[in-house]
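Listed below, chain by chain, are the residues.
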Amino acid sequence: MPEPSTYIVTGGAGFVGSNCCAALSRARPDAQVICIDDFRVGSFRNLIEAYERHALGPVSCEVVAQDWTYLLTLIGHQSVGIVHMAAITDTTVDDQAQMLDDNAGPAWDGLMEAVLEASHTLVYASSAATYGTPPQAATHEAFPLSAAGKPDNIYGFSKWVMENSHRRVQQQDASASIVGLRFFNVFGPGESNKGAMASMAYKLAQQMLAGTAPRLFTPGDQARDQVYVDDVVDCVLAGLGLGDTKNPTPGVYNLGSGRPTTFNQLTDAVRAGLGLKAGELPTEYFEMPASVREFYQDFTLADMTETKRGLGFVPAHDPVEAITRYASYLKQQSGARR
Ligand SMILES: NC(=O)c1ccc[n+]([C@@H]2O[C@H](COP(=O)([O-])OP(=O)(O)OC[C@H]3O[C@@H](n4cnc5c(N)ncnc54)[C@H](O)[C@@H]3O)[C@@H](O)[C@H]2O)c1
């Protein structure tokens, strides 16, 4: 796959997108990197933080404050690498028409047509929410790709519809360079603008930094696949052909750490990262309300076999160690703000 000289990241001022912009500027210093974001959730601060963390100095990518569909006017006949992260990421939005139109509407189909016409390379974010509650959740097994398709909410459904369009395009042209990644629970620097949608690690660290004891549903052994943002970005780059495998196989893949982390483990990792003493801010447990129980994901775990086979990507970070390091980073950041 020839390496494009331009990369465009939609949602590039968001959590994952800003980290992608910085990683692309580092991996391809001679290429043009363009961030498109309408800043409904994203912030210039994410870009500054990401470039700083990648030791790149001030932000060097171009920034276009537009709806992501503006991308369609920028891409011509020269092959471009596209990272599509822009979406309604608030999983509690229940306007079904709006969610489907924004995340998987005609503009999405238009983007894939453009990719086919001009041999662009496209990597986009799908979600573990496409799984809903598969049988593997009850038996605590990893979710194989084939188990998805019965999402529990409209957000997951919109990502499933997005994938369906991709699958149709791939059937028309198996060589189309399109990679969809089902992100599991991503955590790491750059998520401070996400409010209630920030990761559990971020929210617990902020609570504990404010002196509030963590509160978990009894018994705290519910587990999720928590994946560090640097692994997510490396996998996006692998999907663009910038990893060890120069010709990744198009398709939809899981993107998790491949390890379950219980909420008790997560809380202990945050506690360790913040340097709390034994017995300080002990976890308070409470019963899960029946309304939450109905759609609660007790267990998620990415089966990463295909991701390794098709993209040559293997996650490098142990989630518990990465959460510990992340919590100390958040402590440092909060100290710097005071
Ligand atoms: N963070 C996670 O744990 C997670 C899990 C599964 C899937 N995802 C997916 O990964 C992608 C990135 O998520 P994130 O966590 O970085 O969220 P985020 O909300 O931080 O990033 C999304 C960015 O897109 C921008 N945006 C939204 N709609 C737009 C539009 N119409 N035009 C232009 N910009 C627009 C927002 O301003 C924001 O900066 C999303 O597609 C999300 O659905 C994330």
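Residues numbered from 1 in each chain as written. Predicted model: local features only at pLDDT ≥ 70, side-chain atom pairs only at ≥ 80, totals over all residues. Heavy atoms only, no water.

**Some words on the side chain of Ser199**
Phase 1: Here Ser199 shows up in the loop between β7 (185-187) and α8 (200-209).
Phase 2: In this structure the side chain of Ser199 is engaged in a polar contact, spanning 3.1 Å, whose partner is the backbone nitrogen of Tyr202.
Phase 3: Among all residues touching Ser199, those that are not within four sequence positions of it are Val186, Phe187, Glu191 and Tyr326. (Helix = DSSP H or I, 4+ residues; strand = E, 2+ residues; numbered from the N terminus. Polar contact = N/O pair within 3.5 Å; in protein donor to acceptor, adjacent residues only side chain to side chain. Contact = heavy atoms within 4.5 Å.)

**Focus on the site of the ligand**
Phase 1: For the ligand, the set of nearby residues contains 27 residues, the closest of which are Val16, Asp37, Thr89, Tyr155 and Lys194.
Phase 2: Trp68 places a polar main-chain atom, nitrogen or oxygen, 2.8 Å from a nitrogen atom of the ligand.
Phase 3: In the model, an oxygen atom of the ligand is placed 2.9 Å from a nitrogen or oxygen of the Met85 main chain.
Phase 4: Isolated, the ligand exposes 830 Å² of accessible area, and the fraction of that covered by the protein chains is 95%.
Phase 5: Put simply, the parts of the chain that give the shell around the ligand at least two residues each are α1 (15-27), β5 (121-127) and α7 (154-172).
Phase 6: Among the elements that make up the shell around the ligand, the one with the highest residue count is β5 (three residues). (Near = heavy atom within 4 Å. Areas by Shrake-Rupley, 256 points an atom, 1.4 Å probe, with all protein chains shown as cover.)

**Observations concerning the sheet that holds strand β9 (residues 223-228)**
Strands in a sheet are paired, the pairing made by backbone hydrogen bonds, and the direction either parallel or antiparallel.
Phase 1: The strand order across the open sheet formed by three strands is β7-β9-β11, and the pairing between neighbours is mixed. Two strands bound the open sheet, and with one partner strand each, they are β7 and β11 (260-262). Geometrically, the sheet is characterised by an average inter-axis angle of 55 degrees between neighbouring strands, direction not taken into account.
Phase 2: Against the sheet, helix α10 (residues 263-274) contacts β9 and β11, and its axis sits at roughly 75 degrees relative to β11. (Pairing = 2+ DSSP bridges. Axes fitted to C-alpha atoms, helices over the stretch in contact; angles between N-to-C directions.)

**A look at the state of the cysteines**
Note on terminology: a disulfide is the covalent bond linking the sulfur atoms of two cysteines.
Phase 1: Evaluation of the coordinates by the stated rule reveals zero disulfides.
Phase 2: Considering cysteine sulfurs only, Cys21 is the nearest to Cys35, which forms no disulfide, with 4.5 Å between them.
Phase 3: Given the relative accessible area of 0%, Cys35 is considered buried. (Disulfide = S-S within 2.5 Å. Buried < 20%, exposed > 50% of the residue type's maximum accessible area, 1.4 Å probe, protein only.)

**Regarding the packing of aromatic side chains**
Each aromatic ring pair is specified by the distance between its two centres and by the angle formed by the two planes.
Phase 1: Per the stated rule, a full pass over the model turns up eight aromatic pairs.
Phase 2: A ring pair is formed by Phe187 and Tyr228, whose centres lie 5.4 Å apart and whose planes are at 45 degrees; its orientation type is tilted. Within this pair, whereas Phe187 is found in strand β7, its partner Tyr228 is found in strand β9, the two being separated by 41 residues in sequence. For the pair shown, Phe187 and Tyr228 are each scored as buried. (Phe/Tyr/Trp six-rings, centres within 6.5 Å; stacked < 30°, edge-to-face > 60°.)

**Points about the pairing of strand β10 (residues 251-255)**
Regular strands place their side chains on alternate faces of the sheet.
Phase 1: For β10, a buried count of five out of five residues is recorded, marking the element as mostly surrounded by other parts of the structure.
Phase 2: Going residue by residue along β10, you find Gly251, Tyr253 and Leu255 tucked away on one face and Val252 and Asn254 tucked away on the opposite face as well.
Phase 3: Bridging between strand β6 (residues 178-183) and β10 involves five bridges; their strand directions are parallel. Bridging from a neighbouring strand, Leu181 pairs with Tyr253 of β10.

**Thoughts on the sheet that holds strand β1 (residues 6-10)**
Phase 1: What the seven strands build is an open sheet, ordered β3-β2-β1-β4-β5-β6-β10; its pairing is parallel. Strands with a single pairing partner mark the edges of an open sheet, and in this sheet they are β3 (62-64) and β10. Averaged over all pairs of adjacent strands, the angle between strand axes in this sheet comes to 20 degrees, irrespective of strand direction.
Phase 2: Relative to strand β2 (residues 32-36), β1 runs parallel, the two being bridged by five bridges. Considered in β2, the bridge of Thr6 is made with Gln32.
Phase 3: Packing of helix α5 (residues 106-118) onto the sheet brings it into contact with β4 (81-84), β5 and β6, and relative to β5 it is tilted by some 150 degrees.
Phase 4: Packed on one face of the sheet, helix α9 (residues 229-239) meets β4, β5, β6 and β10 and runs near 165 degrees to β6.

**Things to note about the environment of Tyr70**
Phase 1: Along the chain, Tyr70 falls in the loop between β3 and α3 (71-74).
Phase 2: On the accessibility criterion, Tyr70 (33% relative accessible area) is partly exposed.
Phase 3: Contacts of Tyr70, omitting those with residues within four sequence positions, involve Ile36 and Val64.

**Quick look at the packing of helix α4 (residues 96-104) against α7**
Phase 1: Close contact between α4 and α7 brings their axes to 9 Å; oriented N to C, the two are set at 35 degrees. Between α4 and α7 the crossing geometry is right-handed. Every residue of α7 that contacts α4 at Gln96, Met99, Leu100, Asn103 and Ala104 is listed here: Ile154, Tyr155, Phe157, Ser158, Val161 and Met162.
Phase 2: Considered class by class, the residues forming the contact of α4 with α7 number eight nonpolar, three polar and no charged. (Left-handed = near helix turned anticlockwise from the far one by under 90°. Nonpolar A, V, L, I, M, F, W, Y, C, P; charged D, E, K, R; others polar.)

**Quick look at α1**
Phase 1: For α1, with 13 residues, the first-to-last C-alpha span of 19 Å sits near the 18 Å given by 1.5 Å per residue.
Phase 2: Those residues of α1 lying buried are Phe15, Val16, Gly17, Ser18, Asn19, Cys20, Cys21, Ala22, Ala23, Leu24 and Ser25. (Expected span 1.5 Å × (residues − 1).)

Everything listed is a geometric property; what it means functionally is a separate question.
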